Amino acid sequence: AWLGFTFNWGVLLGYAATGARPDLAVGLLYAAGIAWTLGYDTIYALQDRRDDPAAGIRSTARLFAGRVGPAVGLFYAASAAAMELALVLAAPPFPAMALAQAGVIAFALHLAWQVFSLREADERRALRLFRSNRDAGLILFGCWFVAALLPIGGTL
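Reading the values: rules and limits
- Residues numbered from 1 in each chain as written.
- Predicted model: local features only at pLDDT ≥ 70, side-chain atom pairs only at ≥ 80, totals over all residues.
- Heavy atoms only, no water.
- Helix = DSSP H or I, 4+ residues; strand = E, 2+ residues; numbered from the N terminus.
- Expected span 1.5 Å × (residues − 1).
- Buried < 20%, exposed > 50% of the residue type's maximum accessible area, 1.4 Å probe, protein only.
- Contact = heavy atoms within 4.5 Å.
- Axes fitted to C-alpha atoms, helices over the stretch in contact; angles between N-to-C directions.
- Parallel < 35°, antiparallel > 145°, perpendicular 65-115°, else oblique.
- Left-handed = near helix turned anticlockwise from the far one by under 90°.
- Nonpolar A, V, L, I, M, F, W, Y, C, P; charged D, E, K, R; others polar.
- Core = buried A, V, L, I, M, F, W, Y, C linked by side-chain atoms within 4.5 Å.

## Some thoughts on helix H6 (residues 68-90)
Spanning 23 residues, H6 covers 33 Å between terminal C-alpha atoms, matching the ideal 33 Å at 1.5 Å per step. Along H6, the residues classified as buried are Val-68, Gly-69, Ala-71, Val-72, Phe-75, Tyr-76, Ser-79, Ala-80, Ala-82, Met-83, Ala-86 and Leu-87. Packed against the buried residues of H6 are helix H3 (24-45), helix H5 (60-63), helix H7 (96-117) and helix H9 (133-149). Note on H6: the residue one or two positions beyond its end, Ala-91, has a positive phi of about 50°.

## A look at the packing of H3 against H6
Packing of H3 against H6 leaves a shortest axis separation of 8 Å and a crossing angle of 160°. Overall, the two elements H3 and H6 adopt an arrangement that is roughly antiparallel. The two elements H3 and H6 cross, and the hand of that crossing is left-handed. Contacts from Leu-24, Ala-25, Leu-28, Leu-29, Ala-32, Ala-35, Trp-36, Leu-38, Gly-39, Tyr-40, Thr-42 and Ile-43 of H3 reach H6 at Val-68, Val-72, Phe-75, Tyr-76, Ala-78, Ser-79, Ala-82, Met-83, Leu-85, Ala-86, Leu-89 and Ala-90.

## Considering the packing of H6 against H7
Look at H6 against H7: their axes get within 10 Å of each other, and the N-to-C directions meet at 180°. With respect to H7, the axis of H6 lies roughly antiparallel. Taking contact as the criterion, the partners of Gly-69, Val-72, Gly-73, Tyr-76, Ser-79, Ala-80, Met-83, Glu-84, Leu-87 and Val-88 in H6 are, on H7, Met-97, Ala-100, Gln-101, Val-104, Phe-107, Ala-108, Leu-111, Gln-114 and Val-115. Taken together, the residues that form the contact of H6 with H7 break down as 13 nonpolar, 5 polar and 1 charged.

## Some details on the nonpolar core
Core analysis: the largest hydrophobic core is formed by 37 residues, its most contacted members being Trp-36, Ile-43, Val-72, Tyr-76, Phe-107 and Leu-118. Looking at this core, the elements with two or more residues in it are H3, H6, H7, helix H8 (123-131) and H9. Considering each element in turn, this core owes the most residues, 10 residues, to H3. If sequence neighbours within four positions are ignored, Trp-36 has contacts with Phe-75, Tyr-76, Ser-79, Phe-107, Leu-111, Asn-133, Ala-136 and Gly-137.

Given below as structure tokens:
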């Protein structure tokens, strides 16, 4: 959880740098990042489950043992839902909204693929799925970046 809070702090800092007042959309985007981080870090932690008890580490992979797939699915669903709601609240004009929503859908589909591909005992697969979050982020960033560049893109 701490990883999620710290890795996604940039959402709040970036928004604050604009001089705008905080709003619910920014809070939801921050929460979406935390939920996404909880999901991919749980996948990453599958590689260390055998060593974690000796080191005193209480990972989410250990916490959800036997139910990692559904737990990651819940984190990822919360992330995609919070992103979509943040986008709706930000209300960029069409066609920026359509492109940004396409990004959220593609992001969510990529995360769903990860959940359905996950096998708790397969550490190599866990590493591949963890690394594929780079692609999930690039998908979302690419769509949102292009949407923000549109002449009537507004602020995303």
